[in-house]
Number of protein chains: 2
Amino acid sequence: MAANFISRGKKIVAIGRNYVDHVKELNNTVPKEPFFFIKPTTSYVQSGGKIEIPRGVLAHHEIELGVVIGKPGRDIQEAQADSHIAGYALAIDMTARNMQEAVKKKGLPWSAVKGFDTFTPIGSFISRSSVPDPHKLDIWLKINGQFKQRGSTADMIFNIPKLIQHVSSIMTLEEGDLLLTGTPSGVGPVSPGDEVTGGLSVAETNEELASIKFT
Amino acid sequence: MAANFISRGKKIVAIGRNYVDHVKELNNTVPKEPFFFIKPTTSYVQSGGKIEIPRGVLAHHEIELGVVIGKPGRDIQEAQADSHIAGYALAIDMTARNMQEAVKKKGLPWSAVKGFDTFTPIGSFISRSSVPDPHKLDIWLKINGQFKQRGSTADMIFNIPKLIQHVSSIMTLEEGDLLLTGTPSGVGPVSPGDEVTGGLSVAETNEELASIKFT
Ligand SMILES: [Mg+2]
Ligand SMILES: [Mg+2]
Ligand SMILES: [Mg+2]
């Protein structure tokens, strides 16, 4: 079932501010503990599809490593977190940045600004056995062939076991849920008609794990 | 499927500040358009169950009418909204109020403060044919036998068709999704061991549509 997380999963839990350089580029403060927001699964659009940018929205790309949950759990401890992972996926956490600035000022929820249909472009399921170490991956995003984001999952502030422990201390993680682990620096606008591509590879060997493309 | 929304639905979309008296009691401003947040379906607990209050959390009850979506849709117009409704359910939108005050000040998401396991106590599915008019219902909540909330769905700022139009202008509503329509005034703390009961009835006839009980 986890391999079919796009159609069968129930929630996307997305971590904010998990790379120092990204925290700085948006003039935010480095969090003392992880925080997250929920995106609806209706926001998925699969590679090859189109990112719809609503009128009046300044939409930003955030390339992120997604973790697909394989075994449900609550209060999962860091040491056990690995056994709850079925695999991974490359994702973009699209964000209505202008709306987000407004709701942050007003203390309002982020659900709409993160939750538009097609605001979670997503690649194929990557089985965990293909990934020697999820914290040693290169991750990048290009707009119209130009690099905008080039990061390493080694630079996460909170690593994946810590994220799973934190989220599952609040809510049960279910099979097929996707955990988005935050974005490295370089976020910026996507305009209608832009070609958005992204990739994920093993740092040591350059082996490609995922490649995504959207228009 | 919609009758099994508790086990099969994918998201809960909860409207904030939809009754004037509740807006005032929390010193908030009346919104010019609806806003919402997403709760995970892992927060459901069925009547007869227990509301778990995490250590350090000041948990508030918010009794709300839930609308169960029967037919999926995006950009649903007010005039068509009714055809997307399969039925209703009585729900409590539990809120970690102390944590909510903190995240509002910091401009952070509401997902954790609204999303703990058991933070959406829920009654049985009520078919739409049992409800003559969803805007003419009495709704109440008691703690240990004492009334805390007594409202009427007639007092919603934005009515159900308007809410469905707004949410579906941002994200697709799917069969089994639950739309929480906001709470009337009287919100307040639930302590461990409290008996929490709630009811929903037709205003004109006093016919009971739902009765829920939690410990
Ligand atoms: Mg939120
Ligand atoms: Mg992000
Ligand atoms: Mg509420």
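Basis of the calculations
- Residues numbered from 1 in each chain as written.
- Chains lettered and ligands numbered in written order.
- Predicted model: local features only at pLDDT ≥ 70, side-chain atom pairs only at ≥ 80, totals over all residues.
- Heavy atoms only, no water.
- Helix = DSSP H or I, 4+ residues; strand = E, 2+ residues; numbered from the N terminus.
- Rg over C-alpha atoms; globule rule 2.2 N^0.38 Å.
- Buried < 20%, exposed > 50% of the residue type's maximum accessible area, 1.4 Å probe, protein only.
- Contact = heavy atoms within 4.5 Å.
- Buried area = accessible area lost by both parts, 1.4 Å probe.
- Salt bridge = Lys/Arg side-chain N within 4 Å of Asp/Glu carboxyl O.
- Polar contact = N/O pair within 3.5 Å; in protein donor to acceptor, adjacent residues only side chain to side chain.
- Pairing = 2+ DSSP bridges.
- Least-squares fit on C-alpha atoms with pLDDT ≥ 70 in both.
- Core = buried A, V, L, I, M, F, W, Y, C linked by side-chain atoms within 4.5 Å.
- Donors = N, O, S within 2.8 Å, 3.2 Å for Na, K, Ca; no water.
- Phe/Tyr/Trp six-rings, centres within 6.5 Å; stacked < 30°, edge-to-face > 60°.
- Lys NZ or Arg CZ within 6 Å of the ring centre and 35° of its normal.
- Axes fitted to C-alpha atoms, helices over the stretch in contact; angles between N-to-C directions.

Engineer: So what's going on with the overall build of chain A? Which residues, and what values?
Structural biologist: Along chain A, the regular secondary structure elements total 6 helices and 15 strands. In terms of C-alpha radius of gyration, chain A reaches 16 Å, essentially the compact-globule figure of 17 Å for 215 residues. In terms of overall dimensions, chain A has a C-alpha envelope of 45 × 40 × 30 Å along the principal axes. The buried share of chain A, reckoned over its 215 residues, is 60%. When contacts within chain A are restricted to residue pairs at least 6 apart in sequence, those whose partners lie at least 24 apart make up 78%.

Engineer: Just give me the short version of the interface of chain A and chain B, but keep the residues and values in it.
Structural biologist: You'll often see interface size given as the accessible area lost when the parts meet. Counting residues at the interface gives 29 residues for chain A, matched by 29 residues for chain B. At the boundary of chain A with chain B, total buried surface from both sides reaches about 2500 Å², with 59% on carbon and sulfur atoms. The interface formed by chain A and chain B contains 4 salt bridges. With a shortest N-O distance of 3.9 Å, R74 of chain B and E52 of chain A are connected by a salt bridge. If you look at where chain A meets chain B, you find 14 residue pairs in polar contact (both at pLDDT 80 or more).

Engineer: Run through the environment of V13 of chain B, naming residues and quoting values.
Structural biologist: Residue and element names in this part refer to chain B. Counting through the fold element by element, V13 comes out in strand β1 (residues 12–16). Residues V13 and V167, spaced 154 residues apart in sequence, show a C-alpha to C-alpha distance of 8.1 Å. Once residues within four sequence positions are removed from consideration, V13 is found in contact with F36, F37, V167, L173, L178, L179 and L180.

Engineer: Give a description of the sheet that holds strand β4 (residues 59–61) of chain A that names residues and reports values.
Structural biologist: All names here are of chain A. Pairing in this open sheet of 3 strands is antiparallel, and the strands run β7-β4-β13 from one edge to the other. Each edge of the open sheet is held by one strand with a lone partner, namely β7 (95–96) and β13 (188–189). Across 2 bridges, the pairing between β4 and β7 is antiparallel. Bridge pairing in β7 places A59 opposite A96.

Engineer: I'd like a description of the relation of the copies chain A and chain B, backed by residues and values.
Structural biologist: Superposition of chain A onto chain B requires a rotation of 180° combined with a translation of 0.0 Å along the rotation axis, giving an RMSD of 0.0 Å. Those values place the two copies in the arrangement expected of a two-fold rotation axis. Comparing interface residues between copies, 100% of those in chain A also sit at the interface in chain B, which points to an isologous, same-surface contact.

Engineer: Residue-level account of the pairing of strand β11 (residues 146–152) of chain B, with values.
Structural biologist: Residues and elements named next belong to chain B. Pairing of strand β10 (residues 137–143) with β11 involves 6 bridges; the strand directions are antiparallel. Each residue of the ladder has a partner; that of W140, found in β11, is R150. In this structure, the hairpin formed by β10 and β11 is closed by a connection of 2 residues, where N144 is found at a positive phi of approximately 50°.

Engineer: Just give me the short version of the nonpolar core, but keep the residues and values in it.
Structural biologist: In a soluble, globular protein the nonpolar side chains are often hidden away together inside. Core analysis: the biggest nonpolar cluster contains 136 residues, and I164 and L200 of chain A together with I164 and L200 of chain B have the highest contact counts within it. Discounting residues that sit within four places of it in the chain, I164 of chain A has contacts with I69, I76, A81, I85, L173 and L179 of chain A.

Engineer: So, the coordination of the magnesium ion (ligand 3): which residues are in play, and what are the values?
Structural biologist: Residues and elements named next belong to chain B. Taken together, E62 (OE), E64 (OE) and D93 (OD) make up the protein donors of the magnesium ion (ligand 3), found 2.0 to 2.1 Å from the metal. Along the chain, the residues donating to the magnesium ion (ligand 3) fall in the pattern E-x1-E-x28-D. On the criterion of sequence distance, the pair formed by E62 in the loop between β4 (59–61) and β5 (63–69) and D93 in the loop between β6 (85–92) and β7 (95–96) is long-range, its members being 31 residues apart. In this pair, the class of E62 matches that of D93, namely buried.

Engineer: Report on the coordination of the magnesium ion (ligand 2), specifying residues and quantitative values.
Structural biologist: Residues and elements named next belong to chain A. Around the magnesium ion (ligand 2), the protein supplies E62 (OE), E64 (OE) and D93 (OD) as donor atoms, at distances of 2.0 to 2.1 Å. In the primary sequence, the donor residues of the magnesium ion (ligand 2) line up as E-x1-E-x28-D. You can see E64 sitting in strand β5 (residues 63–69) and its partner D93 sitting in the loop between β6 (85–92) and β7, a full 29 residues away along the chain. Considered together, E64 and D93 belong to a single accessibility category, that of buried residues.

Engineer: Please give an account of the packing of aromatic side chains that cites residues and values.
Structural biologist: Under the counting rule described, the total for this entry stands at 12 aromatic pairs over all chains. Taking 5.4 Å as the distance between ring centres and 40° as the angle between the ring planes, the aromatic pair formed by F37 of chain A and W110 of chain A counts as tilted. You can see F37 of chain A sitting in strand β2 (residues 35–39) and its partner W110 of chain A sitting in the loop between α4 (97–106) and α5 (111–115), a full 73 residues away along the chain. Just as F37 of chain A is buried, W110 of chain A falls in that class too. Measuring from centroid to centroid gives 5.1 Å for F116 of chain A and F119 of chain A, while their planes differ by 50°, and the two rings are tilted. A relative accessible area of 0% places F119 of chain A in the buried class. Members of the aromatic cluster, each reached through a chain of ring pairs, are F5, Y44 and F125 of chain A. Positioned above the aromatic ring of F147 of chain A is the side chain of R150 of chain A, whose terminal nitrogen or guanidinium carbon lies 3.8 Å from the ring centre. Lying across the ring of W140 of chain B, K142 of chain B places its NZ or CZ 5.1 Å from the centre.

Engineer: Describe the sheet that holds strand β11 (residues 146–152) of chain A, naming the residues involved and giving the relevant values.
Structural biologist: Residue and element names in this part refer to chain A. Read from one edge of the open sheet, 4 strands run β11-β10-β14-β15, paired in antiparallel fashion. Of all strands in the sheet, those with a lone pairing partner are β11 and β15 (208–214), marking the two edges. Put simply, the sheet's adjacent strands are angled 10° from each other on average, direction ignored. Sheet analysis places strand β10 (residues 137–143) next to strand β14 (residues 196–202), joined by 7 bridges and oriented antiparallel.

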